[in-house]
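Summary of structural features
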Amino acid sequence: MFIEKLCLSHWYLVLFLIAITGVEVNAADAIDLGSHVSNADLIYETPAERTEGAMPVGNGTMGTLVWTTPAAFHMQINRVDVYGNDSTTNSFNRNQDYCGGCAFIDIELLNYGEAVFEKPHYHQQVHVYDGAMSLQGKGVSARIIAHPHSDVIAIEIDDQRAEPQPIRINLRKLRYVNKYEADINDDLTRENSSLLHNKSHTAKSTLHEIKPTAGDGSDIMLTQHYTEGGYQCSSAVSIAVLGRKAQTRITNPSTITLTSEPKQGPMVILVSSSAAFSEPGPVGQLALATLESAKSKGFESLSDETKAWWHDFWTRSYVHLSSDDGQAELVEKHFTWWLYLMGSASRGSLPMKYNGMLWNSNGDRRMWGSQHWWHNLSMYYRALHAANHAELAKPLFDMYHGMYESAALSAQQMWGSQGIFIGETVFFDGLPALPDDIAEEMRELYLFRKPWSEVSERFIEFASTKHPQNSRWNWKSVGRYVDGKWVYETKPDPPNGHVVHLFGSQAQLANQYWVAYQHSGDEAFLREQGYPMIKGALEFFLHYPHFKKGEDGKWHFRRANHREGLRDVTDPMGCMASLHALLPIAIKAGEVLGVDPERREAWKQIYIDLAPMPHSGLDNASMKSGPGEPAFWLTGLEAIGIGEAKPSIHPAEFLDLVSMETSVTNPGRFQRAIDSFKRAHPDGVDENIEVNVLGLQAVASARLGLADAARKYIYNQITNPYNNYCDWDSVGPPLVLPNRMTLREGPGALGAQRLGNAAYALTEALMQSVPGSPGGESVIRLFPAMPPQWDAQFKLHARGGFMVEASINDGKIGQVKITSQQGETLRLRNPWPGRKVSAQYKAGDAIEMGGTLLELSTKQNDVILFTVIN
């Protein structure tokens, strides 16, 4: 702790020197970034006991875990843009669809009778600052990097054994079957191919020996080609060896090998990959071209470029924490690790899957399949803007905006509404068009205008091949084979399901586009993606047939879910909170772009007449406050379907409805949030509280300025998560794996959602730039929920395009540096309440300021130093 305080004291000294000399210092110079980031290194002195606990490496598009057996290390190459099917599939049941996986690779250090990777010679480490991995065994070491500028993983093996052995690289198919296929069986044999049929889906895997046009040796490649109807997707993985002679052999129908000559010293293995929604030919050519480019660079050049990219990555932001009990240091380490995972897995054309990311190690086994669950996926992404890594959120925005047309058609066909409908669970390309008669009956059923008892055989037959975890068909449950035919069950109270009538997800998604715009100031992004998504989500709510004015003259939302557990409810919190947030945001966005003036006026009137978010003080609330007790928010009012209304802190978790700034702009709403939090925590927050992996209590605590609760929730979400569902018997303990990720979602569904939640809560505890209400002006608050036991230093990105650097030591805030990237008006809550402040522009006189709100005009690239005046 003394050393940490010394480091923070050094930071104060640096800021003092900046102030008196006027010399600008790079923010990253304030701390030793290399040492700081390296605190998050993952180090194993024994091999991981299970593959899911192995070490991750990736370049944002392709990635792998690296695990060992006594004489080999292993990888499964995964990509974010490989899907076995799209939304039109009729071939998969619950948890059976798959994505991501491209190939298995085994690197065997053939050493008969003696283990290479066992204690006491074992050491494996992810070097987070450099974006590299090292592996040490008995007489053999390896360095592994994923090149950020091309889809290549490069491996350097240094064999210093007294008697070197051949090194064999096996490139293996993820799946192999050998059944008769009419008309093509001989072709499959000649091509070294295998073909898997699953109803209408096919997966063809082919081994290739690539002869060079000149020189000795060969490269090897595995291609995959998925088809179903008009859909196709292909991937390729190719491998080359540098520095050794190597022989190529197809050792069995599922494996092709490169075996090197036995030789001391280094050798290099290059692994490239590619994918496209096309035939495999061009994909294979691209993988080979990428491989040739990597050969020309060599390992050291690839390694240097990787290191330079990651070093620059870490300059964009940082969080440095310390405390006497070590809790703060552990939180910091996991925040840095979350950023490493995101930089390694979210730079492709599509976002990584929440259940596995790029780290699948069991082939196609991935519980929850290939669809995207917004609630789960969003947890990885919410803190990225504050962390100044908005580029990592681009795949998320591109994917959801890319399904806009299908979402617009779904709003009409499924619900008789306008705008867009993006369900909680969707395929990467959204939802397909429905036949007119199916769409008409779906509307009648799903809007409860036709009783389920009258559902037609045609509708049931059409639904029989649809994926039961999809939002459209989620009234379907598990199934089984009966006399050779798959028969599914229905959930209680169809057409209700966990996510059929769950509409709040798309509002949270739309809000993220607005948050991204507020950070970037990019009007082109707002015009092209943000506003269409915001307006589309809002128009869906406003034209939903069960959104109507009641006898009280207020607009109410009926017959929808709040999250998954409360179904068919009046004024579900998820929907009412969405409307209270989307209306002012859409109005503000339209004003910024100068569009839809008449529509904006209509929205303003609806906002005025909108019913309040459900709370216990309302006459028709199913859960009431006691005599003299304050009203608290509820998950909904009257529940027609499954579940009962409960206390809710939902508005403090999402949508900018409540923050510390709300205590100024809307103290009544803020107090209701506090009362709701207390009602949800009647006994307070225990020091050792178990926290759901998916829980957002840490975020709510930080947003409300509850520093002690925020500390306990953030720390325990990282260290003491609990599993409240999923296929735990098949996974087995422990819940938190050595690589700091969990298998909460079930077999093959490795994830770090809790780390994304903790990161989001931490950034909100350190700095809020949230408006007092949706669509309002953002105000920066420093350390609004800072645990008094922690010291902190950070560089984070605020809305309005401000880079903020600040520190707190023993409860005292030091000098604050704010850089204006866009030239917007700066609004800062006085970090030193009741005291005057000096605001020193980089090249100008200091301005003396007072009051609770410090407001300054800025130009682009202005740097302002704020110091308390004693």
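Now for a description of the structure that goes with this document. (Residues numbered from 1 in each chain as written. Predicted model: local features only at pLDDT ≥ 70, side-chain atom pairs only at ≥ 80, totals over all residues. Heavy atoms only, no water.)

**Details of the pairing of strand β17 (residues 265-276)**
Burial runs high along β17: 10 of the 12 residues are buried. Direction of pairing for strand β14 (residues 231-242) relative to β17: antiparallel, over a ladder of nine bridges. From the neighbouring strand, isoleucine 239 faces β17, where its bridge partner is valine 271. (Buried < 20%, exposed > 50% of the residue type's maximum accessible area, 1.4 Å probe, protein only. Helix = DSSP H or I, 4+ residues; strand = E, 2+ residues; numbered from the N terminus. Pairing = 2+ DSSP bridges.)

**Concerning the sheet that holds β14**
Sheet strands pair by backbone hydrogen bonding; their relative direction is either parallel or antiparallel. Across the sheet, 10 strands lie side by side as β1-β6-β7-β8-β9-β17-β14-β13-β12-β11; this open sheet has antiparallel pairing. Edge positions in the sheet fall to β1 (42-44) and β11 (193-198), since each of these pairs with one other strand and no more. On average, each strand axis in the sheet is inclined to that of its neighbour by 10 degrees, with strand direction left out of account. Of the strand pairs in this sheet, β1 and strand β6 (residues 123-127) are connected by three bridges, and their pairing is antiparallel. The residue of β6 that forms the bridge with isoleucine 43 is glutamine 125. (Axes fitted to C-alpha atoms, helices over the stretch in contact; angles between N-to-C directions.)

**Points about the pattern of salt bridges**
Counted under the stated rule, the structure contains 42 salt bridges. With a shortest N-O distance of 2.9 Å, aspartate 81 and arginine 79 are connected by a salt bridge. Taking relative accessible area as the criterion, arginine 79 reaches 5% and is therefore assigned buried. Here arginine 79 makes a salt bridge to aspartate 151, at a shortest N to O gap of 2.9 Å. Of the two residues, arginine 79 sits in strand β4 (residues 72-83) while aspartate 151 sits in the loop between β8 (140-147) and β9 (152-159), which places them 72 residues apart along the sequence. (Salt bridge = Lys/Arg side-chain N within 4 Å of Asp/Glu carboxyl O.)

**Things to note about empty space enclosed by the protein**
One pass over the structure, following the stated rule, counts six cavities of 30 Å³ or more. In this model, the largest cavity occupies a volume close to 190 Å³. Along the walls of the largest cavity sit 21 residues, with Arg382, Val515, Tyr760, Glu764 and Arg799 positioned nearest its centre. When contributions to the lining of the largest cavity are tallied by element, the ones reaching two or more residues are α11 (504-520), α20 (753-766) and β29 (767-768). Split by residue class, the lining of the largest cavity holds eight nonpolar, eight polar and five charged. The volume enclosed by the second largest cavity comes to roughly 50 Å³. Around the second largest cavity, the lining residues are Arg79, Val80, Val82, Tyr83, Cys99, Gly100, Pro351, Met352, Lys353, Met357, Leu358 and Arg366. Looking at the lining of the second largest cavity, the elements that each hand over two or more residues are β4 and β5 (99-109). Among the elements that take part in the lining of the second largest cavity, β4 stands out by supplying four residues, more than any other. (1 Å grid on protein atoms, 1.4 Å probe; cavity = no way out; pocket = protein on both sides within 12 Å on 5 of 7 lines; lining within 4 Å. Points joined across faces, edges and corners; volume = space filled by probe spheres on them. Nonpolar A, V, L, I, M, F, W, Y, C, P; charged D, E, K, R; others polar.)

**What to know about helix α13 (residues 573-593)**
With 21 residues, α13 should cover 30 Å at 1.5 Å per step; its first-to-last C-alpha distance of 30 Å lies within 8% of that length. By the criterion of burial, α13 is predominantly enclosed, with 18 of the 21 residues buried. Positive phi shows up at glycine 594, right after α13, with a value of about 65 degrees. (Expected span 1.5 Å × (residues − 1).)

**Quick look at the packing of aromatic side chains**
Across all of its chains, the model carries 45 aromatic pairs by this definition. Between phenylalanine 92 and tyrosine 98, the aromatic rings sit 6.0 Å apart at their centres with planes inclined by 90 degrees, giving edge-to-face as the arrangement. The class for phenylalanine 92 is buried, based on a relative accessible area of 3%. Exposure remark for tyrosine 98: the relative accessible area of 6% places this residue in the buried category. Seen in terms of ring centroids, tryptophan 452 and phenylalanine 459 are 6.4 Å apart; in terms of plane orientation they differ by 90 degrees. Their pairing is edge-to-face. Phenylalanine 459 matches tryptophan 452 in its accessibility class, with the two residues each being buried. Here the aromatic cluster, defined as three or more aromatic residues joined through ring pairs, consists of Trp415, Phe421, Tyr446, Phe503, Phe540, Phe541, Tyr544, Phe547, Trp555 and Phe557. Directly above the aromatic system of tyrosine 488 lies the positively charged group of lysine 476, at a separation of 4.3 Å from the ring centroid. Between arginine 740 and the ring centre of tryptophan 337, over which it is positioned, the NZ or CZ distance is 4.9 Å. (Phe/Tyr/Trp six-rings, centres within 6.5 Å; stacked < 30°, edge-to-face > 60°. Lys NZ or Arg CZ within 6 Å of the ring centre and 35° of its normal.)

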